[in-house]
Amino acid sequence: MFHQMKGHKMMTLKKGIHVIYDLLLFISLAIVYFTEAVVLMLIPRRYRAKSIKGEIALITGGGSGIGKLIAIKFAKLGAHVIVWDINKNGLAEVAEQIKKIGGKCWTYCCDIGDKEAVYHTAKTIQIEIGNVSLLVNNAGYVYGKTFMELPDCEIEQTFKVNILSHYWITKSFLKDMIKNNHGHIVTIASVAGLLGIYKCTDYSATKFAAIGCHESLFTELKMHGYEGIHMTLVCPYLINTGMFKGVKPRLIPMLEPEYVAEEVIAGVLANEKLIILPNILRYLLPFITAYYQ
């Protein structure tokens, strides 16, 4: 009986030590990341810009919209660009534009909502081109109807493209990033993932999920010591690409694609962890959230 009580006390003590250790680790990391964020905020982006020359960059949904602009801008900076899309005409156009500026570009018609298609195309890329070290999960889908007007098939499609594909795509290339402790993952989420938007119950839900996935993966990589793998979360307001035809913004006008693409590029080059566009929303969101409470 005495030995059982002693063993129980020892187990309780060990659990207490683990709790204290985890708490101290959390507080230490919070202080480090907060200090880092403050210091980086004081240093202009142009002094923090890294080179992506020679990096193999993959952009999903790169046949149009901000994905296309990001692909072209990456190519101008010397990255070897791979574009995925289901729009064959869009793929041909972006490849032509990149080749005109002397850049390197490969295009693949891939339905990212199809897990097997993703894994097959990813394997083909690794064999034909090499290891992707700069991944931009950009492709998105929205139906733009109220909750009761959303067909079940459209809800499923939104989830396949906007969040489930992030798992298949990132898993395909993260292994090599981990092996080399080098890489950069960009998640194009949305302000709709921070605050629900009218006629976007499917879209907002997937963007909330994308943010959660991104932040959890960021924590995992940091906890395991992969400091060479950077992650950037982008949360723009609605973008004027024709994607949100059924949605009428009430707060501010839709953002222009060129502005968003430039901000994404600048943020990636500076290894920024979070980009909210426009920047003023960083300060307005707490008040908007409070309105619904």
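Now for a description of the structure that goes with this document. (Residues numbered from 1 in each chain as written. Predicted model: local features only at pLDDT ≥ 70, side-chain atom pairs only at ≥ 80, totals over all residues. Heavy atoms only, no water.)

Here we come to the packing of aromatic side chains. Under the defined criterion, the tally for this structure stands at two aromatic pairs. Just above the ring of tryptophan 168 sits the side chain of lysine 115; from NZ or CZ to the centre is 5.1 Å. (Phe/Tyr/Trp six-rings, centres within 6.5 Å; stacked < 30°, edge-to-face > 60°. Lys NZ or Arg CZ within 6 Å of the ring centre and 35° of its normal.)

A word on the sheet that holds strand S7 (residues 274-277). Across the sheet, seven strands lie side by side as S3-S2-S1-S4-S5-S6-S7; this open sheet has parallel pairing. The open sheet has two edge strands with one neighbour each: strand S3 (104-109) and S7. On average, adjacent strands in this sheet sit at an angle of 15 degrees to one another, irrespective of strand direction. As judged from the four bridges shared by strand S4 (residues 134-137) and strand S5 (residues 183-188), these two strands associate in the parallel manner. (Pairing = 2+ DSSP bridges. Helix = DSSP H or I, 4+ residues; strand = E, 2+ residues; numbered from the N terminus. Axes fitted to C-alpha atoms, helices over the stretch in contact; angles between N-to-C directions.)

All told, the structure shown has five salt bridges when counted by the stated rule. Between lysine 73 and glutamate 262 there is a salt bridge, with the nearest N and O atoms lying 2.7 Å from each other. One end of the pair, lysine 73, is in helix H2 (residues 65-76); the other, glutamate 262, is in helix H7 (residues 257-269), and 189 residues separate them in sequence. Glutamate 262 gets classed as partly exposed once you look at its relative accessible area, which sits at 39%. (Salt bridge = Lys/Arg side-chain N within 4 Å of Asp/Glu carboxyl O. Buried < 20%, exposed > 50% of the residue type's maximum accessible area, 1.4 Å probe, protein only.)

With that settled, consider the environment of alanine 71. For alanine 71, the location among the structural elements is in helix H2. Linking alanine 71 and isoleucine 98, residues 27 residues apart in sequence, is a C-alpha distance of 8.2 Å. When neighbours within four sequence positions are excluded, alanine 71 is seen to be in contact with Ile59, Val81, Val83, Val94 and Ile98. (Contact = heavy atoms within 4.5 Å.)

Further remarks concern helix H4 (residues 115-128). Look at H4: 20 Å from first C-alpha to last across 14 residues, which is about the 20 Å you get at 1.5 Å a residue. Within H4, burial applies to Val118, Thr121, Ala122, Thr124 and Ile125. Viewed along the axis of H4, the buried residues span an arc of 160 degrees, placing them on a single side of the element. In H4, the exposed positions angled more than 90 degrees off the buried face are occupied by Glu116, His120, Lys123 and Ile127. Backbone nitrogen of glutamate 116 and a side-chain oxygen of the N-cap are separated by 3.1 Å at the start of H4; the cap is aspartate 114. Looking at the residues trailing H4, positive phi occurs at glycine 130, about 145 degrees. (Expected span 1.5 Å × (residues − 1). Arc of directions from axis to C-beta. Polar contact = N/O pair within 3.5 Å; in protein donor to acceptor, adjacent residues only side chain to side chain.)

The next point concerns the state of the cysteines. Applying the stated criterion across every chain yields a total of zero disulfides. Cysteine 110 forms no disulfide, and the closest cysteine sulfur to it belongs to cysteine 109, at a distance of 7.8 Å. The class for cysteine 110 is buried, based on a relative accessible area of 3%. (Disulfide = S-S within 2.5 Å.)

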